[in-house]
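Single-letter residue listing:
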Amino acid sequence: NAGVTQTPKFQVLKTGQSMTLQCAQDMNHEYMSWYRQDPGMGLRLIHYSVGAGITDQGEVPNGYNVSRSTTEDFPLRLLSAAPSQTSVYFCASSLDRKEYEQYFGPGTRLTVT
Amino acid sequence: SQQGEEDPQALSIQEGENATMNCSYKTSINNLQWYRQNSGRGLVHLILIRSNEREKHSGRLRVTLDTSKKSSSLLITASRAADTASYFCATEVAGANNLFFGTGTRLTVIP
């Protein structure tokens, strides 16, 4: 199993550009989520999904969209990048939304200039 | 915020010593998890303790939970240089659909 994969590893965007961060898992996990990690802030939840076709907002959803058309994939779209979105983004999945350990991808380091 | 707070923010010890880090949280929880993050990597799950449990062990890790004080501690015994990483607690809050992560403790183990 590859586990949770994320692409790209690094990305630089100009303000106003849009892009999609890719996330895929091959463990047949129902629950997937996106976090951003900023210095001194820990991880903050952006969006999550409890299964294909079902998504919901987390703590910091503004400026981001998600969709879940398959169990495996959970892309995160930045609609119009802003410098405040400079961060490291992690995708995670778990068997269930609560009690099970979350498996994290390696992260995408995004810089918005 | 329902985020946990780890204490200390940074800890530096000699190889072979024990490392203790603490997590405090604000609201009632269903379970609490500890994760490790090596520099530049994603988080790795270490251990989960449920609200009705007081202590749990996994290899060199010992986790305690005191729900009356809304706190947990992670003890790493006989530390190794490879234990150098950031450690995060994450709480599953009753009624919420996600985990809330703390800000982490940066552990450095000096060979």
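Worth saying up front: this structure is predicted, and the values here are computed from it rather than measured.

Thoughts on the overall build of chain B
Here is step 1 of the chain: A count of helices and strands for chain B gives zero helices and eleven strands.
Here is step 2 of the chain: Each helix (α) and strand (β) of chain B, taken in turn from the N terminus, gives the series β-β-β-β-β-β-β-β-β-β-β.
Here is step 3 of the chain: Relative to its length of 111 residues, chain B is compact, with a C-alpha radius of gyration of 13 Å against a globular reference of 13 Å.
Here is step 4 of the chain: C-alpha atoms of chain B, sized along the principal axes, occupy 45 × 30 × 20 Å.
Here is step 5 of the chain: Relative to its full complement of 111 residues, chain B shows a buried share of 47%.
Here is step 6 of the chain: When the accessible area of chain B is evaluated, it comes to approximately 5,000 Å², of which 44% is carbon and sulfur surface.

Let's talk about the interface of chain A and chain B
Here is step 1 of the chain: Taken residue by residue, the interface counts 20 residues in chain A and 21 residues in chain B.
Here is step 2 of the chain: Taken together, the connections running from chain A to chain B amount to zero salt bridges.
Here is step 3 of the chain: Taken together, the links from chain A to chain B amount to two residue pairs in polar contact (both at pLDDT 80 or more).
Here is step 4 of the chain: The biggest single contributor to the side of chain A that touches chain B is strand β5 (residues 42–51) of chain A, with five residues.

What about the sheet that holds strand β1 (residues 4–7) of chain A?
Residue and element names in this part refer to chain A.
Here is step 1 of the chain: Overall, antiparallel pairing links the four strands, which are arranged β1-β3-β8-β7 in an open sheet. Two strands lie at the open edges of the sheet, namely β1 and β7 (64–66), each paired on one side alone. Neighbour-to-neighbour, the strand axes of the sheet open up by a mean angle of 20°, direction not taken into account.
Here is step 2 of the chain: Sheet topology places strand β3 (residues 19–25) next to strand β8 (residues 76–78); three bridges connect them, and they run antiparallel. Paired with T20 across the bridge in β8 is R77.

Brief notes about the sheet that holds strand β1 (residues 5–7) of chain B
Residues and elements named next belong to chain B.
Here is step 1 of the chain: Reading across the sheet, the five strands line up as β1-β3-β8-β7-β6 and stay open at both edges, with antiparallel pairing between neighbours. Of all the strands in the sheet, the pair left with one neighbour each is β1 and β6 (55–58). Taking the axes of each pair of neighbouring strands and ignoring which way they run, one obtains an average angle of 20° across the sheet.
Here is step 2 of the chain: Sheet topology note: the strand β7 (residues 61–66)/strand β8 (residues 71–76) ladder contains six bridges and is antiparallel. The residue bridging R62 from the neighbouring strand is L75, located in β8.

Points about the confidence of the model for chain A
As a general rule, the predicted coordinates of low-pLDDT regions are not to be interpreted in detail.
Here is step 1 of the chain: Taken as a whole, chain A shows an average pLDDT of 94; of its residues, 97% reach a score of 70 or greater.
Here is step 2 of the chain: Mean pLDDT across the elements of chain A bottoms out in β5 of chain A (92) and peaks in β3 of chain A (98).

Here is what the cut-offs are and how they apply
- Residues numbered from 1 in each chain as written.
- Chains lettered and ligands numbered in written order.
- Predicted model: local features only at pLDDT ≥ 70, side-chain atom pairs only at ≥ 80, totals over all residues.
- Heavy atoms only, no water.
- Helix = DSSP H or I, 4+ residues; strand = E, 2+ residues; numbered from the N terminus.
- Rg over C-alpha atoms; globule rule 2.2 N^0.38 Å.
- Buried < 20%, exposed > 50% of the residue type's maximum accessible area, 1.4 Å probe, protein only.
- Areas by Shrake-Rupley, 256 points an atom, 1.4 Å probe, with all protein chains shown as cover.
- Contact = heavy atoms within 4.5 Å.
- Salt bridge = Lys/Arg side-chain N within 4 Å of Asp/Glu carboxyl O.
- Polar contact = N/O pair within 3.5 Å; in protein donor to acceptor, adjacent residues only side chain to side chain.
- Pairing = 2+ DSSP bridges.
- Axes fitted to C-alpha atoms, helices over the stretch in contact; angles between N-to-C directions.
- pLDDT = per-residue confidence, 0-100.

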